[in-house]
Amino acid sequence: MLRLAISMALAAGMAFPVMAWPISPENAATVLTRAESEEVNVVWLDDEVARIDAKLDSYNYSVRMMRCDETKVCSSVMLFATFDMVGTPDLAMYEKTNLYNENYPFGRAFILPGSDGSSYGVGIDYTLDLSNEHNFDGEDMVLFGDILAAYISHMSEED
């Protein structure tokens, strides 16, 4: 009888989904501040998307909060940093970007075309899905700092 009661309790417990920690942009801004980011500013882009701009060490970066509900909590987060480059990207820049993506398990490097043809952007992003057992917290900020440092080191290497 005890074995049946335990089995039923376990089965009932498994029926409930594991709750993640969707977060509001304001609470995410607190995570950034606690991780020693400066100049933290929240801007709502529409009802479902907010952007937080901040500075970590000497680097500006942004956090895009997406899939926000009517209570203003969001279940998707993308941290990214971009850098403006002069000219147009050459084959070597594309190869270096692809090499980063092949060799580093976290973060995704990208190249963005400039609007004027005389410049372009390069950058790195790190995305989190908070709807399945993940929280946005200080550990993510440490990882993003490591990703950013690895990206800058990789892109600064001479060929």
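The rules behind these values
Residues numbered from 1 in each chain as written. Predicted model: local features only at pLDDT ≥ 70, side-chain atom pairs only at ≥ 80, totals over all residues. Heavy atoms only, no water. Helix = DSSP H or I, 4+ residues; strand = E, 2+ residues; numbered from the N terminus. Contact = heavy atoms within 4.5 Å. Areas by Shrake-Rupley, 256 points an atom, 1.4 Å probe, with all protein chains shown as cover. pLDDT = per-residue confidence, 0-100. Pairing = 2+ DSSP bridges. Expected span 1.5 Å × (residues − 1). Polar contact = N/O pair within 3.5 Å; in protein donor to acceptor, adjacent residues only side chain to side chain. Core = buried A, V, L, I, M, F, W, Y, C linked by side-chain atoms within 4.5 Å. Buried < 20%, exposed > 50% of the residue type's maximum accessible area, 1.4 Å probe, protein only. Arc of directions from axis to C-beta. Phe/Tyr/Trp six-rings, centres within 6.5 Å; stacked < 30°, edge-to-face > 60°. Lys NZ or Arg CZ within 6 Å of the ring centre and 35° of its normal.

1. Some details on the overall build of the protein
Part 1 of the reasoning: Of the regular secondary structure elements, the protein holds four helices and six strands.
Part 2 of the reasoning: Reading the secondary structure of the protein in the N-to-C direction produces α-α-β-β-β-β-α-β-β-α.
Part 3 of the reasoning: For the protein, the proportion of contacts with a sequence separation of at least 24, taken over those separated by at least 6, is 51%.
Part 4 of the reasoning: Accessible surface, the protein as shown: approximately 9900 Å² in total, 55% of it carbon and sulfur.

2. Some words on the confidence of the model for the protein
Part 1 of the reasoning: Scored by pLDDT, the protein comes out at a mean of 85, with 86% of its residues at no less than 70.
Part 2 of the reasoning: Counting contacts from residues 1-20, a segment whose pLDDT is below 50, to residues more than four positions away or on other chains yields seven contacts.

3. Digging into the pairing of strand 5 (residues 108-113)
Part 1 of the reasoning: Where strand 5 and strand 6 (residues 119-129) come together, six bridges link them in antiparallel fashion. Bridge assignment links Phe 110 to a residue of strand 6, and that residue is Gly 123.
Part 2 of the reasoning: Hairpin connection from strand 5 to strand 6: five residues lie between these consecutive antiparallel strands, with Gly 117 at a positive phi of about 80 degrees.

4. Quick notes on helix 4 (residues 138-156)
For an α-helix, the turn length of 3.6 residues means that residues three or four places apart are oriented alike.
Part 1 of the reasoning: The end-to-end C-alpha separation of helix 4 is 27 Å, in line with the 27 Å expected for 19 residues at 1.5 Å each.
Part 2 of the reasoning: On the buried face of helix 4, the contacting elements are helix 2 (25-34), strand 3 (59-68), strand 4 (74-86), helix 3 (91-103), strand 5 and strand 6.
Part 3 of the reasoning: Where helix 4 begins, the capping side chain belongs to Asp 137, and its oxygen is found 3.1 Å from the backbone nitrogen of Glu 139.

5. Brief notes about the nonpolar core
Part 1 of the reasoning: Ranked by internal contacts, the top residues of the largest apolar core, which has 34 residues, are Tyr 61, Met 65, Leu 79 and Phe 136.
Part 2 of the reasoning: At the level of elements, helix 2, strand 2 (50-56), strand 3, strand 4, helix 3, strand 5, strand 6 and helix 4 are the ones that each hand at least two residues to this core.
Part 3 of the reasoning: Per element, the largest residue contribution to this core is seven residues, and it comes from helix 4.

6. Focus: helix 3
Part 1 of the reasoning: For helix 3, spanning 13 residues, the distance from its first C-alpha to its last is 18 Å, which sits close to the expected 18 Å at 1.5 Å a residue.
Part 2 of the reasoning: The set of residues buried in helix 3 consists of Met 93, Lys 96, Thr 97 and Tyr 100. End-on view of helix 3: buried residues confined to an arc of 100 degrees, all on one side of the axis. What points out from helix 3, more than 90 degrees from its buried face, is the exposed set Leu 91 and Glu 102.
Part 3 of the reasoning: Contact partners of the buried residues in helix 3: strand 4, strand 5, strand 6 and helix 4.

7. Quick look at the side chain of Ser 24
Part 1 of the reasoning: Structurally, the position occupied by Ser 24 is in the loop between helix 1 (2-15) and helix 2.
Part 2 of the reasoning: The buried category is assigned to Ser 24, whose relative accessible area is 11%.
Part 3 of the reasoning: A polar contact is formed between the side chain of Ser 24 and the backbone nitrogen of Asn 27, at a distance of 3.0 Å.

8. Points about the side chain of His 154
Part 1 of the reasoning: For His 154, the location among the structural elements is in helix 4.
Part 2 of the reasoning: Of note is the side chain of His 154, whose polar atom sits 3.5 Å from the backbone nitrogen of Tyr 100.
Part 3 of the reasoning: Discounting chain neighbours no more than four positions away, the residues touching His 154 are Lys 96, Leu 99, Tyr 100 and Tyr 104.

9. Details of the environment of Asp 57
Part 1 of the reasoning: With respect to the helices, strands and loops of the structure, Asp 57 is situated in the loop between strand 2 and strand 3.
Part 2 of the reasoning: On the basis of relative accessible area, Asp 57 is assigned to the exposed category, the value being 64%.
Part 3 of the reasoning: Each C-alpha atom, one on Asp 57 and one on Gly 145, is 9.6 Å from the other, the two residues being 88 residues apart in sequence.

10. A short note on the packing of aromatic side chains
Aromatic ring pairs are defined here through the distance separating the ring centres and the angle between the ring planes.
Part 1 of the reasoning: Enumeration according to the criterion identifies five aromatic pairs in this entry.
Part 2 of the reasoning: When the ring of Tyr 100 is compared with that of Tyr 151, the centres are 5.5 Å apart and the planes differ by 85 degrees; the resulting orientation is edge-to-face. Highlighted residues: Tyr 100 in helix 3 and Tyr 151 in helix 4, separated in sequence by 51 residues.
Part 3 of the reasoning: On the basis of relative accessibility, which here comes to 1%, the residue Tyr 151 falls in the buried class.
Part 4 of the reasoning: An aromatic cluster of three or more residues is present, and its members are Tyr 59, Phe 83, Tyr 100, Tyr 104 and Tyr 151.
Part 5 of the reasoning: Over the aromatic face of Trp 44 sits the side chain of Lys 72, whose NZ or CZ is 4.5 Å from the ring centroid.

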